[in-house]
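# Overview (structure and organization)
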Amino acid sequence: MRRARDVGAENEEPGLVERGLGLFLDHRRVANVGRRTGFAGFPCVLPPAMHDATTMPELPEVETVRRGLQPVMEGARITKVEARRGDLRQPLPKDFVKRIEGRVVTGVGRRAKYLLADLSSGDVLMMHLGMSGSFRVAKDDAEKIPGEFHHPRSQARAHDHVVFHMSSGVRVIFNDPRRFGLMLLVSRPDLDAHPLMKEVGPEPLGNAFDAAMLAAACKGKKTSLKAALSDQKVVAGLGNIYVCEALHRARLSPKRMASTIATRSGAPNERAERLVDAIKIVLQDAIKAGGSSLRDHRRTDGELGDFQHHFRVYDREGRRCVTPGCGGTVKRIVQVGRSTYFCPVCQK
Ligand SMILES: [Zn+2]
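Residues numbered from 1 in each chain as written. Predicted model: local features only at pLDDT ≥ 70, side-chain atom pairs only at ≥ 80, totals over all residues. Heavy atoms only, no water.

## Concerning the coordination of the zinc ion
Around the zinc ion, the protein supplies C321 (SG), C326 (SG), C343 (SG) and C346 (SG) as donor atoms, at distances of 2.2 to 2.3 Å. One way to put it: the four donor atoms around the zinc ion meet at angles of 102 to 115°, and that makes the site tetrahedral. One chain supplies every donor to the zinc ion, and in sequence these donors are spaced C-x4-C-x16-C-x2-C. Across this residue pair, the class does not change: C343 and C346 are buried. (Donors = N, O, S within 2.8 Å, 3.2 Å for Na, K, Ca; no water. Tetrahedral: all angles 85-135°; square planar, octahedral: opposite > 155°, others 65-115°. Buried < 20%, exposed > 50% of the residue type's maximum accessible area, 1.4 Å probe, protein only.)

Structure representation (structure tokens):
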């Protein structure tokens with residue numbers, strides 16, 4: 001049923017049930033865990049506690065949410081749906097409850113920043129977190145949020161808009177204060193042609209995404225590398241934070257012309273190789289951080305915990321570049337309406 005290019009078949013993370021559900025994440029305790037658990041590629045430097053109100057969940061966060069939902073939803077029946085508000089970014093589909101209740105979730109995948117729950121009816125429940133959306137997994141009185149990262153999430157009950165009661169014994173609760181999230185039902189064969197899907201480029205962690213593919217997409221592009229990597233048609237769901245981080249890791253300036261990672265014929269040069277490696281490493285490290293943080297919760301056995309990303313450049317304006325021997329200072333500029341953080345010394 002699932003297309004090969006969806007993500008989700010390979011879930012090596014242990015499930016939430018095995019991890020225990022008597023735990024949840026609390027962003028107020030971010031700093032402690034952050035200092036304790038730095039991870040490969042991200043030095044243990046906490047960003048200033050100033051968060052752009054418009055930041056939204058990015059690919060690693062969505063993938064972490066997927067890995068949190070998969071063990072409690074996949075193979076389970078949705079016994080009851082509470083749609084407490086019919087209007088998210090768009091109204092919930094007509095017959096939303098009727099089309100979902102009683103169906104078995106046959107897979108929980110992801111495409112770009114969309115979570116895709118395949119239902120036994122042949123429908124796919126397409127879910128997007130929007131700007132402020134999050135899921136909680138609840139069992140009795142215990143709750144857990146799969147995926148926090150850089151963005152604190154609301155747990156205010158007034159914003160619990162959709163609740164799925166699962167035969168696995170848990171409730172999956174969608175909370176979204178700003179209601180930019182999205183829930184749609186699309187028949188599986190129509191998914192690729194759906195207006196939200198049809199122009200989405202390759203998955204950055206997929207095998208098909210390599211230097212040749214990126215170079216071909218950037219060939220002749222007169223826009224900046226930052227703009228090219230932010231374009232969903234070039235690569236799916238990378239998001240502002242990870243574009244900044246990947247460019248720093250690849251030592252490429254965000255202002256560099258996108259076409260310069262390809263030869264005139266569109267073949268990849270060494271910059272394209274470096275950039276693709278950096279994109280994959282940055283995303284994998286971020287997802288791993290989510291996973292290791294979830295494991296931390298089990299170890300602390302009930303104690304509140306949480307995690308925060310540790311960025312090389314993002315949100316670090318005016319601070320020392322972390323590239324060994326660089327000595328540069330992280331600068332912030334605005335490109336395509338979004339903040340770009342980079343080091344003008346080592347990113348060329
Ligand atoms: Zn530097």
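Continuing now.
## Brief notes about helix α5 (residues 211–218)
Buried residues of α5: A211, L214, A215 and C218, and no others. With its buried residues spanning 100° around the axis, α5 presents them on a single face. Looking one or two residues past α5, G220 carries a phi angle of roughly 75°, positive in sign. (Helix = DSSP H or I, 4+ residues; strand = E, 2+ residues; numbered from the N terminus. Arc of directions from axis to C-beta.)

## Points about the environment of V313
Summarising the element assignment, V313 is placed in the loop between α8 (270–300) and β10 (331–335). Note on V313: relative accessible area 0%, which makes it buried. Residues V313 and I241, 72 residues apart in the sequence, show an inter-C-alpha distance of 8.9 Å. Sequence-distant contacts of V313, defined by excluding residues within four places in its chain, comprise C244, E245, H248, V330, Y341, F342, C343 and Q347. (Contact = heavy atoms within 4.5 Å.)

## A look at the nonpolar core
Inside soluble globular proteins, nonpolar side chains tend to come together where they are buried. Judged by nonpolar contacts, the single largest core of 35 residues is most densely connected at L214, L229, L275 and I279. For this core, the elements supplying multiple residues, two or more each, are α5, α6 (225–229), α7 (239–249) and α8. The biggest single contributor to this core is α8, with eight residues. If we skip the residues at most four places from it in the chain, L229 touches L214, V235, L238, V243, L247, L275 and I279. Ranked by size, the runner-up nonpolar core spans 30 residues in total, among them V62, M73, L92 and V137. (Core = buried A, V, L, I, M, F, W, Y, C linked by side-chain atoms within 4.5 Å.)

## Structural notes on the side chain of R188
Its place among the elements puts R188 in the loop between β9 (182–187) and α5. Within polar-contact distance, the side chain of R188 engages the side chain of D118 at 2.9 Å. (Polar contact = N/O pair within 3.5 Å; in protein donor to acceptor, adjacent residues only side chain to side chain.)

## Section: the sheet that holds strand β8 (residues 171–175)
Strands sit in the order β1-β7-β8-β5-β6 across an open sheet of five strands; the sheet is antiparallel. The open sheet terminates on both sides in strands that have one partner only, identified here as β1 (78–83) and β6 (142–144). Ignoring strand direction, the axes of neighbouring strands in this sheet form an average angle of 20°. In the packing of helix α3 (residues 59–73) onto the sheet, the strands contacted are β5 (134–139), β7 (160–166) and β8, and the crossing angle to β5 comes to about 35°. (Pairing = 2+ DSSP bridges. Axes fitted to C-alpha atoms, helices over the stretch in contact; angles between N-to-C directions.)

## Structural notes on the pattern of salt bridges
Tallied over the full model, the rule gives 17 salt bridges. For the salt bridge of R66 with E63, the shortest nitrogen-to-oxygen distance reads 2.9 Å. Remark: E63 and R66 occur in helix α3; sequence separation between them is three residues, near one turn of the helix. Of the residues examined, R66 reaches a relative accessible area of 0% and is grouped as buried. In this structure, D285 and K288 form a salt bridge, with 3.7 Å as the shortest nitrogen-oxygen distance. Highlighted residues: D285 and K288, both in helix α8, separated by three residues, approximately one helical turn. (Salt bridge = Lys/Arg side-chain N within 4 Å of Asp/Glu carboxyl O.)

Remember, this is a structural readout, not a statement about activity or role.
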